[in-house]
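# Coordinate inspection notes
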2 protein chains.
Amino acid sequence: MKTPVKNEKELISRIETRLTSRVGGMLRLGIGDDAAILKMRPGWELVLTCDFLLEERHFLLNVGGSSSLDLADAIGWKSLARATSDIAAMGGVPKCFLLSLALPRKLTGRWLDAFLGGMARAARRFGVVVAGGDTTVSEKVIVNVTVAGEVKTGRAITRAGARPGDLICVSGRLGEAQLGLEAMLRWGRQGQQRRGGLRGVMRRAIQKHRYPAPRLALGQFLAEERLVTAMIDTSDGLSTDLGHICEASGVGAWIFAEKIPAVAIPEALRRRGADALELALQGGEDYELLFTVPRKAAKRLPSNHGGVPLTVIGEIAREKKLSLIDRSGSVQTLIIRGWDPFRNN
Amino acid sequence: MKTPVKNEKELISRIETRLTSRVGGMLRLGIGDDAAILKMRPGWELVLTCDFLLEERHFLLNVGGSSSLDLADAIGWKSLARATSDIAAMGGVPKCFLLSLALPRKLTGRWLDAFLGGMARAARRFGVVVAGGDTTVSEKVIVNVTVAGEVKTGRAITRAGARPGDLICVSGRLGEAQLGLEAMLRWGRQGQQRRGGLRGVMRRAIQKHRYPAPRLALGQFLAEERLVTAMIDTSDGLSTDLGHICEASGVGAWIFAEKIPAVAIPEALRRRGADALELALQGGEDYELLFTVPRKAAKRLPSNHGGVPLTVIGEIAREKKLSLIDRSGSVQTLIIRGWDPFRNN
């Protein structure tokens, strides 16, 4: 598996070998034909989504201090995690995926092997099998993953549905992935590990940036219990993603700065200007779930789910604007500055 | 619609405006949420496939003599046609698609408008609506289209199923798209139009290269009538695609050179070395259907379907090799030299 492939057939055979492609359950016909065939159970609907992961846009092949094979493993994991997180945000159960992969021929040896290794671990963790895709040669690495899942008819949770008075909740800690990204870009993994005091927090942050874990169990729990009115995953940053829920639902929101479960930043970093609230509000790629809960259902919402903390951070408002209330009680407009590739940042 | 977009929201809004995104039938929730929701009818299965269309690999933004907006229109059409052809090859009915689109910010004005225009015409022709996707900025244009369709349970036609004695049939004319590609690259559209004698054939060839028409009605007819044992679309060239059927079915084949419905090449071009048989055997992107018919069902196979000729070109054999029988009756091994991006061509 260590030398570049000789032809496309060999590439597809490596993909089939490394990624589980077992036919069963929803998947009736998998990789290797013109298309995959999926069978729905009565009473269930199909959830379908796709996401890019592009070299230079979403990742670099080389980051100071990290081996390119370590990075390839993380890129494989993350390609699948991104799209799977969208299934989590609907309350769905992911089942199978299509992998569109374009890469330089010279990366079809050891790099591909590491990439497929990371993707295979993610696939086992998320419970999905590969069902097909497309492969070709390109100068830069291009990945597009389509994930298909299922959800009980009528139980999917969309972005539209938040009502004034609903509580706004979020899972996990926000800003961690962004902190991890910045740490990687500034210091590389090796350099960072030498900075003794930062080790624990920063290692966790880098891990979250590289190996995001879609909140599948939580999303399914919330859908099953009919606890929430709207939901999204925080891929672009809390401010941007809250904006998406509010726009789709035709409402506004206010959130309390001090309630936001922001990443804990070591004192040394804070002195150098790192701002936990800013990271939490604007940092992308945490892949946590942001959702709204009717007040009367709030008492049924646990404080954590499977060890993942759930935190109420604010409330949906009738007036269509986003407000941030700080520690002193003063209100300011929440600036949406999360990730937007087409904005002149 | 003529200036580049200011942010991603505006880009998505242009996509929604230009492409039909109506919810109905199979599509329960369309573009704009974390994922699309599809509902299957009892007795039907889902067919799912995806295909890349990449700048420099599958198309150029500029080809001598053609306006870049004309080309953008064709790229939009072809992105959707490629993946839809895979649904045709299963005997399925396409229903909706996800569009993953990455492009430079400067192309999000008039170029995007033309691209979406071509894609919108293709969508209407093929009967599909957009259901979601992903968008981002990139240096080169990157398109990945995922198409979802339906097929009656158990009626999908795979590549595996051809049996010794089955007749090998193909729709339309082969080599046309390759001839069109070569004409465009050599002369551009303007230059070509000035060459009086070539006009008709070459214009049709260029049209087929730029605006391939998936054989949806034919594929559905063949599946419905249970006429065929195996099927594939000719995207990589007859030799390569026949090889796929034979490998998946564990059989071999022999075909008659003189029966292959090769593109008609004008005398002037033939003198310059163009070879119709070579184009038919090795030229890609015709998106015709190649299928196998049991002998006893052959009399039910019409000579054309909706004006598209159906031609018997050979027979499936037990021995696992591909043979080409020429006009004089001499047999040679069929060389597979169709498109393979990973082979050192």
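This text follows the structure it describes.
What comes next is a walk through the structure. (Residues numbered from 1 in each chain as written. Chains lettered and ligands numbered in written order. Predicted model: local features only at pLDDT ≥ 70, side-chain atom pairs only at ≥ 80, totals over all residues. Heavy atoms only, no water.)

### A few points about the interface of chain B and chain A
The interface of chain B with chain A comprises 66 residues on the first partner and 66 residues on the second. Between chain B and chain A lies a buried interface of about 5300 Å² when both sides are counted; carbon and sulfur atoms form 57% of it. Together, Asp 34, Leu 48 and Phe 342 of chain B form the three largest contributors to the area buried by chain B at its contact with chain A, with a combined 17%. For the pair chain B and chain A, the number of links is nine salt bridges. For the pair chain B and chain A, the interface holds 31 residue pairs in polar contact (both at pLDDT 80 or more). For the side of chain B that touches chain A, the element with the most residues is strand E3 (residues 44–54) of chain B, which contributes 10 residues. In terms of residue class, the side of chain B that touches chain A is made up of 30 nonpolar, 15 polar and 21 charged. Here strand E3 (residues 44–54) of chain A pairs with strand E2 (residues 36–38) of chain B via three bridges, running antiparallel. By the bridge assignment, Val 47 of chain A is partnered in E2 of chain B with Ile 37 of chain B. (Contact = heavy atoms within 4.5 Å. Buried area = accessible area lost by both parts, 1.4 Å probe. Salt bridge = Lys/Arg side-chain N within 4 Å of Asp/Glu carboxyl O. Polar contact = N/O pair within 3.5 Å; in protein donor to acceptor, adjacent residues only side chain to side chain. Helix = DSSP H or I, 4+ residues; strand = E, 2+ residues; numbered from the N terminus. Nonpolar A, V, L, I, M, F, W, Y, C, P; charged D, E, K, R; others polar. Pairing = 2+ DSSP bridges.)

### Things to note about the environment of Val 228 of chain B
Structurally, the position occupied by Val 228 of chain B is in the loop between helix H6 (216–224) and strand E8 (230–233). Contact partners of Val 228 of chain B, with chain neighbours within four places excluded, come to Ile 157, Leu 222, Phe 291, Thr 292, Val 293 and Pro 294 of chain B.

### Some thoughts on the packing of aromatic side chains
Enumeration over the complete set of coordinates arrives at eight aromatic pairs over all chains. Both rings, one in Trp 77 of chain A and one in Tyr 211 of chain A, keep their centres 5.6 Å apart while their planes meet at 80°; by these two values the pair is edge-to-face. In this pair, Trp 77 of chain A sits in helix H2 (residues 68–88) while Tyr 211 of chain A sits in the loop between helix H5 (199–210) and helix H6 (216–224), placing the two residues 134 residues apart along the sequence. Given a relative accessible area of 17%, Tyr 211 of chain A falls into the buried group. Ring plane angle 80° and centroid distance 5.4 Å describe the contact between Trp 254 of chain B and Phe 256 of chain B, whose orientation is recorded as edge-to-face. By relative accessible area, which is 24% here, Phe 256 of chain B ends up partly exposed. What links up through ring pairs into an aromatic cluster is the set Trp 77, Phe 126 and Tyr 211 of chain A. Lying over the aromatic face of Trp 44 of chain A, Arg 41 of chain A brings its terminal NZ or CZ to 4.2 Å of the ring centre. (Phe/Tyr/Trp six-rings, centres within 6.5 Å; stacked < 30°, edge-to-face > 60°. Buried < 20%, exposed > 50% of the residue type's maximum accessible area, 1.4 Å probe, protein only. Lys NZ or Arg CZ within 6 Å of the ring centre and 35° of its normal.)

### Points about the sheet that holds strand E4 (residues 93–103) of chain A
Spatial ordering of the open sheet is given by E5(A)-E4(A)-E6(A)-E3(A)-E2(B)-E1(B), a layout of six strands whose pairing is mixed. Both edges of this open sheet fall to strand E5 (129–137) of chain A together with strand E1 (27–29) of chain B, since each of them pairs with a single strand only. Averaged over neighbouring strand pairs, the angle between their axes works out to 25° when direction is ignored. Sheet topology places E3 of chain A next to strand E6 (residues 142–152) of chain A; 11 bridges connect them, and they run antiparallel. The residue bridging Asp 51 of chain A from the neighbouring strand is Val 145 of chain A, located in E6 of chain A. Strands in contact with H2 of chain A are E3, E4 and E6 of chain A; relative to E3 of chain A, the strand with the most contacts, it is inclined by about 140°. (Axes fitted to C-alpha atoms, helices over the stretch in contact; angles between N-to-C directions.)

### Topic: unusual backbone geometry
Residue and element names in this part refer to chain A. With a phi close to 75°, Glu 56 is a non-glycine residue in the positive phi region. Inspection of the secondary structure puts Glu 56 in the loop between E3 and H2. For Glu 56, a relative accessible area of 46% translates into the label partly exposed.

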